[in-house]
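Structural overview
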Amino acid sequence: MKTYEKSQKLNNVCYDIRGPVMDEANRMIAQGMEILKLNIGNPAPFGFHTSEKLIKQMSENLTNTEGYSDSKGIMQAREAIVKYCKKKGIENITVDDVYTGNGVSELITMSMQGLLDYGDEILVPSPDYPLWTASVTLAGGTAVHYICDEQSEWYPDIEDMRSKITDKTKGIVVINPNNPTGALYPKEVLEQIVELAREHELILFADEIYDRLVMDGEEHIALASLAPDLLTLSFNGMSKSHLIAGYRCGWMCLCGNKEQAKGYVEGLNLLSSMRLCSNVPAQSVIDLVLTDEELTKEMLVPGGRIYEQREYVYKALNDIPGVSAVKPKAAFYIFPKLDKKKFNLKDDEQFALDFLKEKKVLLTHGGGFHWEEPDHFRVVYLPEVEVLKKAVEGLGDFLSYYRQ
Ligand code: PLP
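Summary of the structure given here. Bear in mind that the values here come from a model prediction, so they are computed numbers and not experimental data.

As for the site of the ligand
- Among the 13 residues in the neighbourhood of the ligand, the closest are listed as Val104, Ser105, Asp207, Tyr210 and Ser239.
- One nitrogen or oxygen atom from the side chain of tyrosine 210 is found 2.6 Å from an oxygen atom belonging to the ligand.
- Side-chain polar atom of lysine 240 to an oxygen atom of the ligand: 2.8 Å apart, as the coordinates give it.
- Surface burial for the ligand is 94%, taken as the share of its 390 Å² of free accessible area covered by protein chains.
- In the shell around the ligand, the residues fall into 6 nonpolar, 4 polar and 3 charged.

Below you can see the structure in the form of structure tokens.
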């Protein structure tokens with residue numbers, strides 16, 4: 001019998017957040033069990049509602065959407081994105097430098113497909129949002145991981161980054177605010193990354209999709225605003241800040257030294273037009289999303305859901321013997337550490353699987369984010385405190401007897 005195998009292009013593509021733990025969760029769900037999913041940053045199932053204003057604007061636009069838009073997106077959306085970038089201190093950007101996409105995901109893949117040849121290297125954080133590593137590999141490149149240091153609030157370790165630059169390195173991916181750690185990088189750290197990129201003429205890829213989900217009165221600094229002389233691609237979108245992941249809407253902006261990138265831009269334009277355009281009705285709310293900051297802010301201050309859920313989960317996890325976690329300042333993730341010795345840990349995926357079977361709670365093991373040691377996991381703290389409480393108490397109970 002003729003069989004069909006997956007493309008060889010996928011052979012080395014590692015996207016470990018699927019795998020045996022997800023398979024087991026799906027099996028349990030099929031058997032009728034209820035699983036609490038703390039594994040994916042999708043706000044909708046946890047009672048976050050799309051604002052009425054957004055729904056109204058999109059429905060009004062549905063009747064006016066005439067079909068495919070320009071492959072980069074509708075003008076009104078791209079103008080709003082340019083205005084937003086300028087407000088964040090990003091210079092030298094016009095509507096021609098903006099590409100809308102069906103989520104940031106599509107644009108991450110496109111940015112790598114348009115650039116890389118076999119052997120090219122991209123510096124990607126560890127832990128990372130794993131689509132970056134997967135997209136680099138799918139495009140024929142090699143993802144070289146630099147360490148983010150838990151001892152220093154999960155900031156990138158600049159010396160480690162420096163030591164991994166070779167003559168094949170083309171760019172550095174910076175995820176700020178960070179998934180999975182929830183870290184927010186200060187200006188001094190960002191400046192050191194920019195300096196390193198400047199020394200080696202590297203492209204900066206700034207994934208800033210959580211830039212409007214910052215707590216504690218802190219301010220997000222756009223990487224591109226510190227690097228007007230370097231080629232920078234900044235990524236942002238609506239999935240997280242406006243809790244509408246299913247609308248599939250994101251954007252990518254090129255700025256800085258575009259002279260350097262004429263060939264790359266040609267590649268990006270080709271790929272952009274090959275998919276015709278991104279979801280047009282979703283693009284029609286970008287201007288609203290970017291001008292009405294109140295839509296998001298109330299969740300992030302004391303009394304707001306994301307803030308209170310963060311406060312609870314941070315304290316409750318740290319109260320479990322053998323668990324420690326750095327307090328996240330942004331997004332809705334926390335990346336706790338397990339005491340490897342105490343639990344005799346050898347395999348973090350096995351830990352997530354055992355916990356799932358026992359307590360019916362789905363977490364993602366640290367390895368899913370290209371974290372090498374088997375001692376971390378990620379919690380998405382989107383559910384209400386009452387729900388989180390059940391999960392964290394379950395974890396405390398599980399870890400009181402669990403040894404690998
Ligand atoms: N970048 C980061 C850091 C993310 O965490 C995510 C989603 O979780 C994405 C990009 C992709 O977002 P979307 O494709 O929904 O815009």
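What to know about the pairing of strand 4 (residues 142-149)
- As paired strands, strand 3 (residues 121-126) and strand 4 are joined by 6 bridges and run parallel to one another. The residue of strand 4 that forms the bridge with isoleucine 122 is alanine 143.
- A crossover connection joins strand 3 to the parallel strand 4 through helix 5 (residues 131-138); in handedness this β-α-β unit is right-handed.
- Alignment of strand 4 against strand 5 (residues 155-156), held across 2 bridges, turns out to be antiparallel. Following the sheet pairing, cysteine 148 is matched in strand 5 by proline 156.
- The loop that links strand 4 with its antiparallel partner strand 5 comprises 5 residues; one of these, glutamate 153, has a positive phi angle of about 55 degrees.

Details of the nonpolar core
- The biggest cluster of nonpolar side chains holds 70 residues, and the ones touching the most others in it are Phe205, Leu233, Leu317, Phe351 and Leu399.
- Looking at which domains feed residues into this core, each of domain 1 (8-49 + 298-399) and domain 2 (64-292) supplies at least three.
- Leaving out residues up to four positions away in the same chain, phenylalanine 351 has contacts with Leu338, Leu345, Leu363, Phe377, Leu395, Phe398, Leu399, Tyr402 and Gln404.
- Residues Ile165, Val174, Ala197 and Leu204 belong to the second largest nonpolar core, which totals 30 residues.

Here we look at the environment of threonine 296
- Looking at the secondary structure, you find threonine 296 in helix 11 (residues 294-297).
- Along the sequence, threonine 296 and valine 214 sit 82 residues apart, while their C-alpha atoms lie 10.0 Å from each other.
- For threonine 296, the residues in contact, after removing those within four places along its chain, are Arg212, Leu213, Ser241 and His242.

A short note on the pattern of salt bridges
- In the structure shown here, the tally under the stated rule is 22 salt bridges.
- We note a salt bridge from lysine 170 to aspartate 120, for which the minimum N-O separation is 3.1 Å. Taken together, the positions of lysine 170 in strand 6 (residues 169-175) and aspartate 120 in the loop between helix 4 (103-113) and strand 3 put the pair 50 residues apart, joining distant regions of the chain.
- A relative accessible area of 12% means that aspartate 120 is categorised as buried.
- Residues glutamate 195 and arginine 198 are paired through a salt bridge, measuring 3.0 Å at the closest nitrogen-oxygen approach. Here glutamate 195 pairs with arginine 198, and both are found in helix 7 (residues 187-200), just 3 residues apart, close to one helical turn.
- A single network of salt bridges, built from pairs that share partners, joins Asp216, Arg310, Glu311 and Lys327.

Calculation notes
Residues numbered from 1 in each chain as written. Predicted model: local features only at pLDDT ≥ 70, side-chain atom pairs only at ≥ 80, totals over all residues. Heavy atoms only, no water. Near = heavy atom within 4 Å. Polar contact = N/O pair within 3.5 Å; in protein donor to acceptor, adjacent residues only side chain to side chain. Areas by Shrake-Rupley, 256 points an atom, 1.4 Å probe, with all protein chains shown as cover. Nonpolar A, V, L, I, M, F, W, Y, C, P; charged D, E, K, R; others polar. Pairing = 2+ DSSP bridges. Helix = DSSP H or I, 4+ residues; strand = E, 2+ residues; numbered from the N terminus. Right-handed = clockwise from strand over helix to strand, strands pointing away. Core = buried A, V, L, I, M, F, W, Y, C linked by side-chain atoms within 4.5 Å. Buried < 20%, exposed > 50% of the residue type's maximum accessible area, 1.4 Å probe, protein only. Domains from an automatic or database assignment. Contact = heavy atoms within 4.5 Å. Salt bridge = Lys/Arg side-chain N within 4 Å of Asp/Glu carboxyl O.

The values reported here are purely geometric and, on their own, carry no functional implication.
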